[in-house]
Amino acid sequence: MTHVEDELTSQPECWIRAASEAVRHRGALPAPGERVAIVGCGTSYFMAQAAAALREGAGQGETDAFAASEFPHGRSYDRVVALTRSGTTTEVLDLLGQLRGRTRTTAITADPDTPVMAAADDLVVLDYADERSVVQTRFATTALTLLRAHLGLHTDAVVAHARTALATPLPEGLVACTQFTFLGRGWTVGLANEAGLKMREASLAWTEAYPAMEYRHGPISITTQGTATWMLGDAPEGLAAQVRATGALWIAGGLDPLAELVRAQRLAVAVATARDLDPDQPRHLTRSVILAP
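Values in this document were obtained by computation on a predicted structure and should not be read as measured data.

The rules behind these values
Residues numbered from 1 in each chain as written. Predicted model: local features only at pLDDT ≥ 70, side-chain atom pairs only at ≥ 80, totals over all residues. Heavy atoms only, no water. Salt bridge = Lys/Arg side-chain N within 4 Å of Asp/Glu carboxyl O. Helix = DSSP H or I, 4+ residues; strand = E, 2+ residues; numbered from the N terminus. Buried < 20%, exposed > 50% of the residue type's maximum accessible area, 1.4 Å probe, protein only. Phe/Tyr/Trp six-rings, centres within 6.5 Å; stacked < 30°, edge-to-face > 60°. Lys NZ or Arg CZ within 6 Å of the ring centre and 35° of its normal. Axes fitted to C-alpha atoms, helices over the stretch in contact; angles between N-to-C directions. Parallel < 35°, antiparallel > 145°, perpendicular 65-115°, else oblique. Left-handed = near helix turned anticlockwise from the far one by under 90°. Contact = heavy atoms within 4.5 Å. Nonpolar A, V, L, I, M, F, W, Y, C, P; charged D, E, K, R; others polar. Core = buried A, V, L, I, M, F, W, Y, C linked by side-chain atoms within 4.5 Å. Pairing = 2+ DSSP bridges. 1 Å grid on protein atoms, 1.4 Å probe; cavity = no way out; pocket = protein on both sides within 12 Å on 5 of 7 lines; lining within 4 Å. Points joined across faces, edges and corners; volume = space filled by probe spheres on them.

Examining the pattern of salt bridges
This structure, assessed with the given rule, holds 14 salt bridges. Across the salt bridge formed by Arg75 and Asp64, the nearest N and O atoms sit 3.4 Å from each other. Of this pair, Arg75 sits in the loop between strand 2 (63–67) and strand 3 (79–84) while Asp64 sits in strand 2, and the two are 11 residues apart along the sequence. The closest approach of N and O atoms between Lys198 and Glu194, which form a salt bridge, is 2.4 Å. Here Lys198 pairs with Glu194, and both are found in helix 8 (residues 188–203), just four residues apart, close to one helical turn. The two residues Lys198 and Glu194 agree in class, both being buried. One continuous salt-bridge network, built from bridges that share partners, spans Glu34, Arg79, Arg104 and Asp122.

With respect to the packing of aromatic side chains
Counted under the stated rule, the structure contains six aromatic pairs. With centroids separated by 5.8 Å and ring planes inclined at 50 degrees, the aromatic side chains of Phe71 and Tyr77 adopt a geometry described as tilted. Taken as a pair, Phe71 and Tyr77 share a single burial class, namely buried. These aromatic residues form a ring-pair network of at least three members: Phe66, Phe71 and Tyr77. Against the face of Tyr77 rests Arg35, its NZ or CZ located 4.7 Å from the ring centre.

A word on the packing of helix 7 (residues 156–167) against helix 10 (residues 257–274)
Running from N to C, helix 7 and helix 10 cross one another at 20 degrees; their axes reach a closest spacing of 8 Å. Classified by the angle their axes make, helix 7 and helix 10 are roughly parallel. As for how helix 7 packs across helix 10, the hand of that crossing is right-handed. Contacts from His161, Ala162, Ala165 and Leu166 in helix 7 reach Ala259, Val262, Arg263 and Arg266 in helix 10. Taken together, the residues of the contact of helix 7 with helix 10 break down into five nonpolar, one polar and two charged.

Details of the nonpolar core
Within the largest apolar cluster, 59 residues are counted, with the highest numbers of intra-cluster contacts made by Ile108, Leu126, Leu144, Phe180, Phe182, Leu191 and Leu267. The leading source of residues in this core is helix 10, at eight residues. Filtering out sequence-adjacent residues up to four positions away, Leu144 remains in contact with Met47, Ala50, Ala51, Leu54, Trp187, Leu191 and Leu258.

Digging into the sheet that holds strand 7 (residues 206–211)
Sheet strands line up and pair through hydrogen bonds in the backbone, either parallel or antiparallel. A sheet is described by the order of its strands in space; here four strands give the open sequence 7-6-8-9, paired in parallel fashion. In this open sheet, the two strands that pair with only one neighbour each are strand 7 and strand 9 (249–251). Taken pair by pair, the neighbouring strands of this sheet meet at an average axis angle of 20 degrees, ignoring direction. Looking at chain direction, strand 6 (residues 179–184) and strand 7 are connected through six bridges and run parallel. Along strand 7, the bridge assignment pairs Phe180 with Thr207. Contacts between helix 8 and the sheet are confined to strand 6 and strand 7, with strand 6 contributing the most and set at about 160 degrees to the helix.

A closer look at empty space enclosed by the protein
Scanning all chains against the criterion turns up one cavity of 30 Å³ or more. Size it by volume and the largest cavity reaches roughly 60 Å³. Considering the residues around the largest cavity, the lining is formed by Pro30, Ile38, Ala51, Arg55, Leu147, His150 and Leu151.

Below is the structure:
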């Protein structure tokens, strides 16, 4: 078993622990009414997109998501939350340094022995969700689970769905597809982006991700036999029939969308295996992007 397989199968237990610790971390997480930005890089940026949409949708306050390198310094926020598994990513550390003394910052990280510990005002350490694999799985979903629980949006059903996602075979014919498109709505747009990234990282697959209503505005033109379109969450009316009419494989997301992301992680590993690739050693990637001065 690869590291990434071992790590992705441990997600239900990580989510249970994160949800149980949400109250303890309440002081470090955004309070209702605060104007908040959530930042990250790569996978963490896509989790930021999901968390921001969840928080604003729950009526907790204006919440934006940015890649750390694209933070708009002309805007004013009460708190900036940085998601960083390694705690060493250059863009995140640079941003936290620029915000020090001006905006309260929180870092959610997996490694307590990294520079981010001194860079942020408040810290949440999810060391039990750290990973050996370059490809992120459990840290990302555990951080999002913590934020969902903080918002009162996590339930035991989410964990049950994750166990189902791990135990149920992938749809027949899916691994053999040559192109994969992931769709989301609201907070699941970030999850769709992350599902596509997992496929590219682990299996070098041709993948795309879109808001579901945007799919008809051009992207559906590539859909045909041998492609798959996977919906995370509820699909817009009529879209499934349109995709099936192209000859493509339509995958309906029947589980909680975060559990659907676990299924997409499994698909990434399965496609990598079918292509004789090592998902623990993705091409051109490292665990953390550390840029020279």
